[in-house]
Amino acid sequence: MSTALYLALKETWRNRGRFFLFSLVIALITLLILFIAALGEGLGAGNREYLENLDADLLVYQDTADLSIASSRIGCTTRDALRSVNGVKAVGPIGFSSATIPDANRGEDLGVSLIGVDPGRPGEPPVTAGQGLERRSANEAIIDRMVADVTGLRVGDRFQIRSPQGGEDQLYLLKVLGITESQMYAIQPSIFVPIIKWDEIRPQARVSGGAQDPACNVAAVELDDPGQIDEMRARLVAQVRNVDVVNRQTAWENTPGYTAQQQTLNTQNGFALLIGLLVIGGFFQIQTLQKVPQIGMLKAIGTPNRIIALASLVQIVIINLLGVLIGGLVTFGVSLAFPPGIPLVFEGQAIVRALASILVIGPLGGLLSVRLSLRVEPLIALGLGG
Amino acid sequence: MSNNVATEARSVSKVYGSGANQVKAIDDVSFSVERGEFVALVGPSGSGKTTMLAMLAGLLQPSSGSVLIDGEDLLEMGDGRRAAFRRRKVGFTFQANNLVSFLTALENVELMLRLAGQYDRQHRKRARQLLEMLGLADRMHALPRELSGGQQQRVAIARSLINNPAVVLADEPTASLDTERAYQVVETMAHLVHEQGRAGIMVTHDLRMVEYTDRIIHLLDGRLEQIVTPDDDLSCLADPGSCQMISDDVFAVDSDQVAAAVS
């Protein structure tokens, strides 16, 4: 190993200009792959954050809705039936719609997900500032941290929200009771209002005063024993009519466009990795082709294949590591310059997976050149064979 | 076989291709080289010089016959053992691409020590001494691209000798050098081979260089045409048609008989 390492380090150092330039190419590939991963993570999180962080074990849909939140209606009777099933700890209604926070100062309206929940029941997010919702019909709201950052709203502030009602936009005044974290849904920051208020605000064909016990889209179910999730899912389906019950992951995977979006980004990432593989493989292949006479000479003087292969591999790993390091630092620097509204998330498993995959494609791409170097005949040194 | 024989080719033949496309590159060649003897392998292009050298180094398998270095038959070794054997017993100087481009002159010589597991203070000192002996004291830390062709060849000679090999092989070591540097390189090589008691075999097509050798092995169309000394009439080397064929019987026996035949 030591002679292989010696040869790899000497060659890399004595040709540092060339190898540094190639490290920059790897850095650019890293930048591209990390950005696609961050975009995937950002868009994914923007779609699933609320459902992922939900304080419930199961979500209940109308069985004919085909797991579409917008198409699903769960009424009061169904929610009562869910509550009566043995093993259910609590049930909360959740209603989803969109609204706009107009802002003359910013010159740009902020689109938000308007989510109706029952105070104190599953579905209401935990607050990190202020307090939770208190009354089912109050003009009060919990806002996501991103809404607070963009609008400058703080606990106790009042703000207007706009929603189309009967063909005209209506404005509703709400008071900020609390601020919550990481609760995006449908790639929009969320505001949470009591379910009766939500029923009143949500876009409707006719102006509505809000029913006393409105139908919601889905019901969030908290179990006595979260470890019995599969059994409880079956029990709920068996005991409550016309419902479909899924866990949180299935719920967010069925949000509109989520799977297609993630598949698209994964495909882009796959192609970027493939391009990286070909570029890195191509570079080291050309580099090895240029060194064929030298490799032949090394073999002729008795250098074992093992040392030649290891030296190539170590060199590839060094150049790749350097490129990934530079690319990672550049990506981090660039990410700091992005405004918070852009769905780029440089954390989480997706980024770790992306970094790991780039670290793997380097040596993988270089394997061809290692194979080529192993096949070089020592006779080349004498002008024979080859 | 005399105890002083460092390497020996016994009825070596090499055939390329098969059937109608068969080409006999080397045809039943036998000779031996003793320690402290510097031999030239000469012949026109296509005569089989380099093929013969490759077989002497264990880089190429003879179709028949055997090659011995220090009494060990290269054919009986596996690839890995043969490579290790080459590291210990064979020193190499090539026509071109002699040095590792990213290592300095000293590092190129020391590489052989690393490969042989002898990279210690004593051997490193010897590497420096060899380079100094070859007039490269002030060029030890120069990269190959910073050295002239002659200097590169001298570094290659130092590398070929650093592990005290039994046999030093040189393939056209003067091909890319001007006359003055070519003489310097061959003279140095001959001097070190004689002084250190190695067996040196140099492939060359430059007949001016044979004056530093002890014997000249003349190949023609893959066959051993004759073995002469630099003091003999060398006109037939330049004009192979005028050479008298030597009986194969002479070379099928041991080195003493060979020596007797050429004297």
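What you are looking at is a predicted structure, and each value in this text was computed from that prediction instead of being measured.

(A) Region of interest: the overall build of chain A. Secondary structure assignment for chain A yields eleven helices and ten strands. In summary, chain A has a C-alpha radius of gyration of 29 Å against a globular reference of 21 Å for 386 residues, an excess of more than 25%. Overall size of chain A, expressed as C-alpha extent along the three principal axes, is 95 × 55 × 35 Å. The buried share of chain A, taken over its 386 residues, is 45%. Long-range contacts, defined as pairs at least 24 residues apart, comprise 79% of the intrachain contacts of chain A with a sequence gap of at least 6.

(B) Structural context of the overall build of chain B. Counting secondary structure elements, chain B contains nine helices and ten strands. Taking all 263 residues of chain B together, 51% fall into the buried category. Taking as baseline every contact in chain B between residues at least 6 positions apart, the subset at least 24 positions apart corresponds to 69%.

(C) Spotlight on the sheet that holds strand E8 (residues 199–203) of chain B. All names here are of chain B. Strand order in the open sheet made by the six strands is E6-E7-E8-E3-E9-E10, with mixed pairing throughout. Each edge of the sheet is formed by a strand with only one pairing partner; in this case those strands are strand E6 (90–93) and strand E10 (223–228). Averaged over all pairs of adjacent strands, the angle between their axes in this sheet comes to 20°, without regard to strand direction. The pairing of strand E3 (residues 38–42) with E8 spans four bridges and is classified as parallel.

(D) The arrangement of the sheet that holds strand E4 (residues 64–69) of chain B in detail. Residue and element names in this part refer to chain B. Pairing is antiparallel across the open sheet formed by four strands, whose spatial order is E2-E1-E4-E5. The open sheet terminates on both sides in strands that have one partner only, identified here as strand E2 (23–34) and strand E5 (72–73). Sheet topology places strand E1 (residues 5–16) next to E4; five bridges connect them, and they run antiparallel. The residue bridging Ala-9 from the neighbouring strand is Val-67, located in E4.

(E) Inspection of the pairing of strand E9 (residues 215–220) of chain B at higher detail. Residues and elements named next belong to chain B. When you tally the buried positions in E9, you get six out of six residues, the bulk of the element. By the alternation rule, side chains of E9 split into Arg-215, Ile-217 and Leu-219 and Ile-216, His-218 and Leu-220, which are all buried. Here E9 runs beside E10; their pairing, made up of five bridges, is antiparallel. In the strand pairing of E10, Leu-219 is matched with Leu-224. Where E9 hands over to E10, the hairpin turn is made up of two residues, of which Asp-221 adopts a positive phi near 50°.

(F) Inspection of the packing of helix H10 (residues 305–336) of chain A against helix H11 (residues 349–375) of chain A at higher detail. Residue and element names in this part refer to chain A. As a packed pair, H10 and H11 sit with axes 9 Å apart at the nearest point and diverge in direction by 150°. When the axis of H10 is compared with that of H11, the two are roughly antiparallel. Here H10 runs over H11; the crossing is right-handed. Note on element contacts: H11 touches H10 through Leu-355, Ile-358, Leu-359, Gly-362, Pro-363, Gly-366, Ser-369, Val-370, Ser-373 and Leu-374, opposite Asn-305, Ile-308, Ala-309, Ser-312, Leu-313, Ile-316, Val-317, Asn-320, Val-324 and Gly-328. Tallied by class, the residues present in the contact of H10 with H11 amount to twelve nonpolar, eight polar and no charged.

(G) Local environment of the pairing of strand E3 (residues 110–117) of chain A. All names here are of chain A. Along E3, seven of the eight residues are buried, which leaves the element largely enclosed by surrounding structure. Pairing between strand E2 (residues 88–101) and E3: eight bridges, direction antiparallel. Paired with Ala-99 across the two strands is Val-112, which belongs to E3.

(H) Quick peek at helix H4 (residues 121–133) of chain B. Residue and element names in this part refer to chain B. A rise of 1.5 Å per residue sets the reference length of H4, with its 13 residues, at 18 Å; its end C-alpha atoms lie 18 Å apart and thus fit the reference within 8%. Within H4, the full set of buried residues consists of Arg-126, Ala-127, Leu-130 and Leu-131. Summarising the axial view, the buried residues of H4 lie within an arc of 135°, below the 170-degree limit, and thus occupy one face. Across from the buried face of H4, at angles greater than 90 degrees, the exposed residues are Arg-121, Gln-122 and Lys-125. Where H4 ends, the next residue or the one after it, Gly-135, has phi of about 75°, a positive value.

(I) Spatial organisation of the interface of chain B and chain A. Taken together, the contact between chain B and chain A spans 22 residues of the former and 21 residues of the latter. When contributions to the side of chain B that touches chain A are tallied by element, the ones reaching two or more residues are helix H1 (49–56), helix H2 (79–89) and helix H3 (105–115) of chain B. Tallied by class, residues from the side of chain B that touches chain A come to 13 nonpolar, five polar and four charged.

(J) Geometry of unusual backbone geometry. Phi angles above zero are rare outside glycine, and Asn242(A) is one such case at about 60°. Locating Asn242(A) in the fold gives a position in the loop between helix H6 (229–239) and strand E10 (243–247). A positive phi angle is found at Asn164(B), which is not glycine, with a value near 50°. Along the chain, Asn164(B) turns up in the loop between helix H5 (149–161) and strand E7 (167–171). With 15 C-beta atoms counted inside 10 Å, the residue Asn164(B) sits in the partly exposed group.

(K) Summary view of the domain arrangement of chain A. All names here are of chain A. The assigned domain composition of chain A is domain 1 (2–48 + 259–382) and domain 2 (49–254). With centres defined by C-alpha atoms, the gap from domain 1 to domain 2 works out at 45 Å. Contacts between the two partners involve nine residues from domain 1, matched on the other side by eleven residues from domain 2. Counting residues per element, the side of domain 1 that touches domain 2 draws most heavily on helix H2 (residues 16–52), which supplies five residues.

(L) Summary view of the nonpolar core. Counting residues in each nonpolar core, the largest one holds 121 residues, and the members touching the most others are Ile33(A), Leu41(B), Leu53(B), Val109(B), Leu169(B) and Ile201(B). If you tally residues by element for this core, the top one is H2(A), at eleven residues. Discounting residues that sit within four places of it in the chain, Leu53(B) has contacts with Leu382(A), Leu41(B), Leu169(B), Asp171(B), Ile201(B) and Val203(B). Judged by nonpolar contacts, the second largest core, of 60 residues, contains Ile115(A), Leu174(A), Ile191(A) and Trp252(A).

Basis of the calculations
Residues numbered from 1 in each chain as written. Chains lettered and ligands numbered in written order. Predicted model: local features only at pLDDT ≥ 70, side-chain atom pairs only at ≥ 80, totals over all residues. Helix = DSSP H or I, 4+ residues; strand = E, 2+ residues; numbered from the N terminus. Rg over C-alpha atoms; globule rule 2.2 N^0.38 Å. Buried ≥ 20, exposed ≤ 12 C-beta atoms within 10 Å, placed from the backbone. Contact = placed C-beta atoms within 7 Å. Pairing = 2+ DSSP bridges. Axes fitted to C-alpha atoms, helices over the stretch in contact; angles between N-to-C directions. Parallel < 35°, antiparallel > 145°, perpendicular 65-115°, else oblique. Left-handed = near helix turned anticlockwise from the far one by under 90°. Nonpolar A, V, L, I, M, F, W, Y, C, P; charged D, E, K, R; others polar. Expected span 1.5 Å × (residues − 1). Arc of directions from axis to C-beta. Domains from an automatic or database assignment. Core = buried A, V, L, I, M, F, W, Y, C linked by C-beta atoms within 7 Å.

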